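Fold and contact review
Here's the letter readout for the chains.
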Amino acid sequence: LALTLLQKEYQEPPALKLSTTSLKLIHDPSRASHWLAASVTWRKSPADLALAATSASPANGFSPSAATASLSTWSALHSELIRSRFGPHMIIWGP
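In this text, all values refer to a predicted model and were calculated from it rather than measured experimentally. (Residues numbered from 1 in each chain as written. Predicted model: local features only at pLDDT ≥ 70, side-chain atom pairs only at ≥ 80, totals over all residues. Heavy atoms only, no water.)

1. Regarding the pattern of salt bridges
Opposite charge on two side chains makes pairing possible when the charged atoms of those side chains draw close. Here is the rule: A carboxyl oxygen of Asp or Glu within 4 Å of a side-chain nitrogen of Lys or Arg is what we treat as a salt bridge.
A full pass over the atoms with the stated rule returns one salt bridge. Here Arg31 and Asp28 are joined by a salt bridge, their closest N and O atoms 3.9 Å apart.

2. A few points about the packing of helix α4 (residues 46-55) against helix α5 (residues 71-83)
Keep this limit in mind: Axis angles are defined between N-to-C directions and span 0 to 180 degrees, where every axis is a line fitted to C-alpha atoms and, for a helix, only to the segment in contact. Secondary structure elements are taken from DSSP: a helix is a run of H or I of four residues or more, a strand is a run of E of two residues or more, and numbering for both begins at the N terminus. These descriptions rest on fixed angle ranges, namely under 35 degrees for roughly parallel, over 145 for roughly antiparallel, 65 to 115 for roughly perpendicular, and the rest for oblique. For this analysis, residues touch if any pair of their heavy atoms sits within 4.5 Å. In the scheme used here, Gly and all other residues not listed as nonpolar or charged are polar, with Ala, Val, Leu, Ile, Met, Phe, Trp, Tyr, Cys and Pro taken as nonpolar and Asp, Glu, Lys and Arg as charged.
Where α4 contacts α5, the axes come no closer than 8 Å and their chain directions differ by 95°. When the axis of α4 is compared with that of α5, the two are roughly perpendicular. Across the interface between the two elements, Pro46, Ala47, Leu49, Ala50, Ala53 and Thr54 of α4 pack against Leu71, Trp74, Ser75, Leu77, His78 and Leu81 of α5. Taken together, the residues that form the contact of α4 with α5 break down as nine nonpolar, three polar and no charged.

Shown next as structure tokens:
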């Protein structure tokens, strides 16, 4: 019964719809989408996004080469994510 309820409540994270520049930071869009939905640390600032994403790559779907990206590239990605459904108050569990 509990598993059935969890399956009903689960919402798949949104697909990443990003600019070509931002997508260069991503190795596995599906995995990155799940990581972004589950993590709150990246939402504070572009620098926090860069630190969190690169420290967990490539397991989180971000490319290891993203560690060399400029802060302006991370700022652009952060802005795109905040404007998308990954905004600051995204909830993936619930009705």
